[in-house]
Amino acid sequence: MEKFSFLEWIVDRLTLNNQEKVTCFAPTNIALVKYWGKRHEKLNLPVTSSLSLTLPDYGTITTLEISDTQCDEITMNGQVLGINDPVAKRVSDFLDIFRPYTACYYRVKTENNIPTAAGLASSASGFAALTLGLNELHGWNLDKQTLSMVARLGSGSACRSFWPGFVIWHKGERVDGMDSYGEWFAQAWPGLCLGFLLLDPKQKKISSREAMKKTMHSSMLYQSWSKQVDVDLESMKTSIRDRSFHGLGELAEANALAMHATMMGARPPIIYSSSQTWGAIEKVWQLREEGIPIYFTQDAGPNVKVLFQEENIKTIFQQFPEMYVQHFM
Ligand code: PMV
């Protein structure tokens with residue numbers, strides 16, 4: 001296995017005080033200023049910083065126990081995954097990082113209350129829950145910043161799932177990634193709502209990992225994206241500080257569309273949106289024309305998340321009756 005100083009650093013700090021079995025929950029998060037592109041593949045170091053909103057009611061619950069077999073056994077949403085399953089492989093690859101030290105295999109049972117791989121960021125909560133599980137199972141006692149760096153090795157966006165409200169993932173400058181972690185920025189304000197429209201629960205055809213790589217290497221729009229993200233991040237921080245819903249919504253929408261534009265500029269182009277995606281976006285814009293403040297964001301999948309305020313929930317439910325909602329108190 002390739003060695004990185006962060007991995008040596010972390011392994012040096014680990015203690016082993018094994019519990020029999022632990023169960024941990026981690027929430028998912030939705031980026032309002034997106035992470036798209038890595039400066040280091042294996043360490044999941046991003047080109048740009050990003051900012052997300054944690055959804056406390058939606059995420060992953062993971063039960064972890066040490067197994068006496070010679071491979072990991074991974075069950076996801078009640079289904080045992082074969083060793084060649086891409087999700088099982090990704091989980092085992094992550095556990096391999098610590099294996100030289102922990103010297104064991106695991107039984108991992110994981111349940112999402114959000115559809116997996118449908119652009120609803122279940123890998124974020126999945127790797128955050130797994131990291132919390134390892135921390136508890138082995139009694140590592142890591143602080144949140146270190147947990148964030150560990151989870152980042154499994155999935156970049158997972159590093160933002162350790163705090164409530166708005167969280168910034170600092171891109172960092174160091175080659176070992178020791179300055180690339182999440183940090184709490186602000187509480188989500190009361191009355192803010194995020195709804196997700198489940199338009200298409202199918203597995204996506206191309207993973208965000210692959211799509212990021214292809215975009216970075218072949219899209220002529222990528223350079224302008226990375227410059228724009230720095231500007232968007234500063235404006236988003238101001239909108240959050242001022243509790244400007246319009247500021248937040250406009251930026252989230254523009255940033256998501258710009259990310260998708262970089263993918264459309266890739267050769268061959270990458271398009272996650274389906275006709276249902278465009279239908280939902282048109283409905284959002286139509287509602288806005290009618291004076292209802294509602295905005296959308298979209299990740300690496302066809303599903304759309306909408307941002308609105310509690311006072312408009314009735315009207316919005318009429319348009320999107322199939323929506324799941326996260327209310328912030
Ligand atoms: O962490 P990954 O590899 O699942 O990538 C997440 C990418 C986006 O969801 C599209 C953006 C983000 O910042 O969460």
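Conventions used here
- Residues numbered from 1 in each chain as written.
- Predicted model: local features only at pLDDT ≥ 70, side-chain atom pairs only at ≥ 80, totals over all residues.
- Heavy atoms only, no water.
- Patch = residues over 30% accessible without salt bridge, like charges linked within 9 Å, V, L, I, M, F, W, Y side chains within 5 Å.
- Areas by Shrake-Rupley, 256 points an atom, 1.4 Å probe, with all protein chains shown as cover.
- Salt bridge = Lys/Arg side-chain N within 4 Å of Asp/Glu carboxyl O.
- Helix = DSSP H or I, 4+ residues; strand = E, 2+ residues; numbered from the N terminus.
- Buried < 20%, exposed > 50% of the residue type's maximum accessible area, 1.4 Å probe, protein only.
- Core = buried A, V, L, I, M, F, W, Y, C linked by side-chain atoms within 4.5 Å.
- Contact = heavy atoms within 4.5 Å.
- 1 Å grid on protein atoms, 1.4 Å probe; cavity = no way out; pocket = protein on both sides within 12 Å on 5 of 7 lines; lining within 4 Å.
- Points joined across faces, edges and corners; volume = space filled by probe spheres on them.
- Nonpolar A, V, L, I, M, F, W, Y, C, P; charged D, E, K, R; others polar.
- Pairing = 2+ DSSP bridges.
- Axes fitted to C-alpha atoms, helices over the stretch in contact; angles between N-to-C directions.

A. Just a nonpolar patch on the surface, in detail. There is a patch of nonpolar side chains on the surface, built from M264, I271, W278 and W285 and spanning about 390 Å² of accessible area. By the element assignment, W285 lies in helix α8 (residues 275–289). Since its relative accessible area comes to 32%, W285 is described here as partly exposed.

B. Fine view of the nonpolar core. Core analysis: the largest hydrophobic core is formed by 42 residues, its most contacted members being L32, W36, L51, F166 and M236. Residues within four places of M236 in sequence aside, it is in contact with L32, V33, L51, L248, L251 and A252. Counting 40 residues, the second-largest nonpolar core is a separate cluster that includes A26, L64, A128 and L153.

C. Representation of empty space enclosed by the protein in the model. Here the structure, examined in full by the defined rule, presents 1 cavity of 30 Å³ or more. Considering only enclosed or pocket space, the largest cavity measures out at about 40 Å³ in volume. Taken together, K21, T63, L64, E65, R107 and K109 make up the full set of residues lining the largest cavity. Of all the secondary-structure elements, those providing two or more residues to the lining of the largest cavity are β4 (50–67) and β7 (105–112). Per-element tally for the lining of the largest cavity: the top contributor is β4, with 3 residues. In the lining of the largest cavity, the residues fall into 1 nonpolar, 1 polar and 4 charged.

D. Expanded view of the sheet that holds strand β10 (residues 192–197). Spatially, β11-β12-β10-β13 is the arrangement adopted by the 4 strands of the open sheet, whose pairing is antiparallel. Pairing within the sheet leaves two strands with one partner each, and these edge strands are β11 (295–297) and β13 (323–327). Between one strand and the next, the sheet's axes are offset by a mean angle of 25°, whatever the strand orientation. Judged from the 5 bridges that link them, β10 and β13 form a sheet pairing that is antiparallel. When the bridges of β13 are listed, L197 appears paired with M323. Strand contacts of helix α7 (residues 245–264): β10, β11 and β12 (304–309), with the helix running at about 40° to β11, the strand carrying the most contacts. Its contacts with the sheet place α8 against β10, β11 and β12, and it is angled at close to 155° to β11.

E. Representation of the pattern of salt bridges in the model. All chains considered together, the criterion is met by 11 salt bridges. Here D72 ties to R99 by a salt bridge, and the two come within 2.8 Å at their closest N and O atoms. Residue D72 is found in the loop between β4 and β5 (73–76), and its partner R99 is found in helix α2 (residues 86–102); the two are separated by 27 residues along the sequence. In this structure R99 comes out as buried when scored by relative accessible area, which is 11%. Across the salt bridge formed by K214 and E210, the nearest N and O atoms sit 3.8 Å from each other. Note that K214 and E210 are positioned in helix α5 (residues 208–218) at a spacing of 4 residues, about one turn of the helix. Where salt bridges share partners, they join K34, D299 and K305 into one cluster.

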